[in-house]
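This is what each chain is made of:
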Amino acid sequence: MGYRVAVVGATGNVGREMLNILEEVNFPVDKIHAIASRRSIGVEVSFGEQIVKCEDVEQFDFSKVDLVLMSVSGSFSKEWSPKIGAAGPIVIDNSSAWRMDPDVPLIVPEVNPDDVEWANRKNIIANPNCSTAQLVVALKPLHDRAKIKRVVVATYQSVSGAGKEGMDELWDQTKGVFVLGPSEPKKFPKQIAFNVIPFIGSFNDDGYTDEEAKMWNETHKMIDPSIKLTVTCVRVPVMVGHSEAVNIEFHEPLDEDEARELLRESPGLIVIDKRDPTGYITPKEAQGEFPVFVSRIRKDPTVENGLSLWVVADNLRKGAALNAVQIAELLHERGLIRTKAIA
């Protein structure tokens, strides 16, 4: 017996990827619904070999589904997730709207799976920021072994993190440099082609951006509020795949060889770490893959107990759609999805 599942925001990059991954992992779906805004009614999306036409979120009866995967804006989720949850299904939301709500679990299944048990408080589960998701998968086993004191992160975030508009802008600007002449930036504040932009989101009063604040707030909620974490988020001219340079200081000794073996044995991680010119992972190689990849594991000799890592993942998968589907699988495994009798 499968579930009746709705994907809200089904025409976006992450929504389409949610549909792809639900089918790839053979999640038990009895009936799939693709939900979008009124302007996308009738737009066709794929679910395996099926073609599914989008339905209007305003007219859809959410009481007839068991599970809803949301890939929409934070403001839209703020309005709709409580309504949907009140109708009965569990909502797995990919926006930033609910991540820091104390009554909403924020979950990466490899990191804090037991938090799924209190999802019924609001029938909403939050998916973390894409950069946080891959970071905490790498940090958790190391923290469990040696207790992390401080982390310094620089991100290298692909344009797909800004949606289809971001990908289109990189493509158009790249063509423009060689063929059509320069084009003015629209989605990003400065030219992204052949450039990097050390600014994602909006500035807070302390000079950090809200994207940077999300990473330390979410890490604190999922792993340990005592971890000191500072971040610089950078947009780079890569289509898909986020990378992170991560420097960690521990309370206890942890050498690089033990860290390497620990990460190799941990769920959701693949270590590719050879000291030759190709012995590491890049975002291009991580594209389309499920795991978080770790490379360049090495001792930091400037602190007493320090390591540096390179962490890469497909941001549309582990950073968004895959993590949402893995949460759905966790709910299924623990019998927490309430099915309704089919009328």
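Residue positions within a chain follow its written sequence, with the count starting from 1. Reporting in this predicted model follows two pLDDT cut-offs: at least 70 for local features of residues, and 80 or more for side-chain atom pairs to be given and counted; totals over whole chains, interfaces and linings ignore these cut-offs and use all residues. Side-chain numbers come from the whole structure's heavy atoms, not from hydrogens or water.

- The name an unreviewed UniProt entry assigns to the protein is Aspartate-semialdehyde dehydrogenase, from the organism Phenylobacterium terrae.
- Quoted straight from UniProt, the Subunit (unreviewed entry) entry for the protein says "Homodimer."
- Quoted verbatim from the Sequence similarities (unreviewed entry) heading of the UniProt record, the comment on the protein is "Belongs to the aspartate-semialdehyde dehydrogenase family." UniProt positions are given in the numbering used here, feature names are shortened, and annotations may be inferred rather than shown by experiment.

### A look at a nonpolar patch on the surface
Turning to step 1, where the next piece is worked out: Residues enter patches when their relative accessible area tops 30% and they take part in no salt bridge; the joining distance is 9 Å for like charges and 5 Å for the nonpolar side chains Val, Leu, Ile, Met, Phe, Trp and Tyr. Using the Shrake-Rupley algorithm and a 1.4 Å probe, accessible areas are obtained, with residue cover drawn only from the displayed protein chains. Each salt bridge in this description consists of a side-chain nitrogen of Lys or Arg and a carboxyl oxygen of Asp or Glu lying within 4 Å of one another. Judged by side-chain polarity, V177, F178, V179, L180 and F194 come together as a nonpolar surface patch covering roughly 600 Å² of accessible area.
Turning to step 2, where the next piece is worked out: Under the scheme used here, helices are H or I runs from DSSP no shorter than 4 residues and strands are E runs no shorter than 2 residues, and both carry numbers assigned from the N terminus. Its location among the elements puts F194 in the loop between α4 (164-180) and α5 (210-222).

### Let's talk about the pattern of salt bridges
Turning to step 1, where the next piece is worked out: Counted according to the given criterion, the structure contains 24 salt bridges.
Turning to step 2, where the next piece is worked out: The partner of K318 in a salt bridge is E110, with the nearest N and O atoms 2.8 Å apart. Residue K318 is found in helix α8 (residues 317-333), and its partner E110 is found in the loop between β7 (90-93) and β8 (124-126); the two are separated by 208 residues along the sequence. You'll find K318 and E110 in the same group, each marked buried.
Turning to step 3, where the next piece is worked out: As a salt-bridge pair, E165 and K187 come within 3.4 Å of each other at their nearest N and O atoms. Separated by 22 residues along the polypeptide, E165 in helix α4 and K187 in the loop between α4 and α5 bring together distant segments of the chain.
Turning to step 4, where the next piece is worked out: A 1.4 Å probe rolled over the protein chains alone gives each residue an accessible area, and that area as a share of the maximum for its type sets the label: buried under 20%, exposed over 50%, partly exposed in between. Residue class for E165 comes out exposed when judged on its relative accessible area of 53%.

### Describing the sheet that holds strand β9 (residues 148-156)
Turning to step 1, where the next piece is worked out: Reading across from one edge, β10-β9-β11-β14-β13-β12 is the order of the 6 strands in this open sheet, with mixed pairing throughout. The sheet is open, and its two edges are formed by β10 (228-232) and β12 (269-271), each paired on a single side. Pairs of neighbouring strands in the sheet enclose a mean axial angle of 25°, with direction left out of account.
Turning to step 2, where the next piece is worked out: Alignment of β9 against strand β11 (residues 242-250), held across 8 bridges, turns out to be antiparallel. Each residue of the ladder has a partner; that of T155, found in β11, is E244. By definition, two strands form a pair when at least two bridges between them are found by DSSP. In this analysis an axis means a line fitted to C-alpha atoms, helices contributing only their contacting stretch, and an angle means the value between N-to-C directions, from 0 to 180 degrees.

### Observations concerning the side chain of E212
Turning to step 1, where the next piece is worked out: Structurally, the position occupied by E212 is in helix α5.
Turning to step 2, where the next piece is worked out: Those residues in contact with E212 that lie beyond four places of it in its chain are V231, T232 and C233. Contacts are assigned to residue pairs with any non-hydrogen atoms lying within 4.5 Å of each other.

### Digging into the domain arrangement of the protein
Turning to step 1, where the next piece is worked out: Residue ranges for the domains originate in an automatic or database domain assignment. Under the domain assignment, the protein is made up of domain 1 (3-127 + 321-333) and domain 2 (131-315).
Turning to step 2, where the next piece is worked out: Here the C-alpha centroids of domain 1 and domain 2 sit 25 Å apart.
Turning to step 3, where the next piece is worked out: Contacts between the two partners involve 17 residues from domain 1, matched on the other side by 17 residues from domain 2.
Turning to step 4, where the next piece is worked out: Computed with a 1.4 Å rolling probe, the buried area is the accessible surface lost when two parts are put together, summed over both parts. When domain 1 packs against domain 2, close to 1400 Å² is buried across both sides, 68% of that on carbon and sulfur atoms.
Turning to step 5, where the next piece is worked out: Of all residues in domain 1, the largest losses of buried area upon contact with domain 2 belong to N13, E110 and V111, amounting jointly to 37% of the total for that side.
Turning to step 6, where the next piece is worked out: Taken together, domain 1 and domain 2 are joined by 1 salt bridge.

### Some thoughts on unusual backbone geometry
Turning to step 1, where the next piece is worked out: Phi at K147 takes a positive value of approximately 55°, unusual for a residue other than glycine.
Turning to step 2, where the next piece is worked out: Following the sequence through the fold, K147 ends up in the loop between α3 (130-146) and β9.
Turning to step 3, where the next piece is worked out: By relative accessible area, K147 is classed as partly exposed at 37%.
Turning to step 4, where the next piece is worked out: You will see that R296, though not glycine, has its phi angle at about 50°, which is positive.
Turning to step 5, where the next piece is worked out: Structurally, R296 is set in strand β13 (residues 292-299).

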